[in-house]
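One letter stands for each residue in the lines below.
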Amino acid sequence: MAKKYYTTKVVGVGGQVANFLSAGKMLVMFDDSMVLPELRDISVLHSGNPISDNDIIKSGDIVKIVNTEFKIIKVGNDVQKNLKNLGHVVIKFDGGTGELLEGSIHVEDKPIPKIQVGDEISFTEGANANLKGKTAAIANSDSALGKIVSQLLVENGVTIVADKSSADIVIDVK
C-alpha cells in the first residue's frame, strides 16, 4: 500500500476559488494561519500539517482532492519549502503542459471536484515508490535511450550498478 505522507483538511474556500479553477485550472492553497489577507479570496485555506524533510513531493506521486486522485506530473523547486513553511502550494490541472513555476505542481488534466469546508487533501507516494533503494544494471546504457532509462530510474530512487549479478533489476536497452 502506498504511503500517505501529507494530509490536511479544508477550513475555508475563498470567494474566487471557483473562478480560478474554471478559468485557469489552478488551485491556490494556504495554511489558514499563514495566508496574507489579500490572498484569502483566491485560496483554499487548510488546517496545515507538518511535512517531513524525508517526504518529498515528486512526479509520479498522487494528490487526492476530495475523492479524486490526480497523478503529479511536474513539481517546482520551491514546492517542498513553501508547503513546509507556509502551507502553500499551487496545483495546476493542465496535464503538465503549462509553464512550471517554482511553487507549482502540475497534475493530470481531468475534472476538478467542488471543494468544500471539511474536505481532505492529501499526498501519497506513487507507484514509483516501490523502486526506492533498488539497484539496476543497464545493458547498452551508453545509448540515448539507455541514458534516459538510467536517469528515470535514478530520479525514482534506484542506484545504477555495473554488475548484473548484484542488481535487483536488469534492463537490456535495444
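Worth saying up front: this structure is predicted, and the values here are computed from it rather than measured.

## Section: the overall build of the protein chain
Counting its secondary structure elements, the protein chain contains three helices and eleven strands. In sequence order, the protein chain lays out its α and β elements as β-α-β-β-β-β-α-β-β-β-β-α-β-β. With the C-alpha coordinates aligned to their principal axes, the bounding extent of the protein chain is approximately 60 × 30 × 25 Å. Burial status across the protein chain gives 41% buried among its 174 residues. In the protein chain, 68% of the contacts between residues at least 6 apart in sequence involve partners at least 24 apart. Entry remark: accessible area of the protein chain is about 9,300 Å², with carbon and sulfur atoms responsible for 53%. Positive and negative side-chain charges in the protein chain, numbering 19 and 22 respectively, have mean positions lying 4 Å apart.

## Re the packing of aromatic side chains
Taken as a whole and judged by the stated rule, the model has three aromatic pairs. Measuring from ring centre to ring centre gives 4.9 Å for Phe 70 and Phe 93, while their planes differ by 70°; the resulting arrangement is edge-to-face. Pair noted here: Phe 70 is in strand E5 (residues 68-75) and Phe 93 is in the loop between strand E6 (89-92) and strand E7 (104-107), with a separation of 23 residues, a long-range link. The residues Phe 70 and Phe 93 share a single accessibility class, namely buried. Within the aromatic cluster, the residues linked to one another by ring pairs are Tyr 5, Tyr 6 and Phe 123. Just above the ring of Phe 70 sits the side chain of Lys 110; from NZ or CZ to the centre is 5.4 Å.

## A closer look at the confidence of the model for the protein chain
Residues of the protein chain with pLDDT of at least 70 account for 96%, and the chain-wide mean is 90. Mean pLDDT values over the elements of the protein chain span from 80, in helix H3 (residues 144-155), up to 98, in strand E3 (residues 43-46).

## Digging into a nonpolar patch on the surface
Taken together, the side chains of Leu 145, Ile 148 and Leu 152 define a hydrophobic patch exposed on the protein surface, amounting to about 280 Å² of accessible area. Note on placement: Leu 145 falls in helix H3. Assessed through its relative accessible area of 45%, Leu 145 is described here as partly exposed.

Thresholds applied
Residues numbered from 1 in each chain as written. Predicted model: local features only at pLDDT ≥ 70, side-chain atom pairs only at ≥ 80, totals over all residues. Heavy atoms only, no water. Helix = DSSP H or I, 4+ residues; strand = E, 2+ residues; numbered from the N terminus. Buried < 20%, exposed > 50% of the residue type's maximum accessible area, 1.4 Å probe, protein only. Contact = heavy atoms within 4.5 Å. Areas by Shrake-Rupley, 256 points an atom, 1.4 Å probe, with all protein chains shown as cover. Lys, Arg positive; Asp, Glu negative; His and termini not counted. Charge placed at Lys NZ, Arg CZ, Asp CG, Glu CD. Phe/Tyr/Trp six-rings, centres within 6.5 Å; stacked < 30°, edge-to-face > 60°. Lys NZ or Arg CZ within 6 Å of the ring centre and 35° of its normal. pLDDT = per-residue confidence, 0-100. Patch = residues over 30% accessible without salt bridge, like charges linked within 9 Å, V, L, I, M, F, W, Y side chains within 5 Å. Salt bridge = Lys/Arg side-chain N within 4 Å of Asp/Glu carboxyl O.

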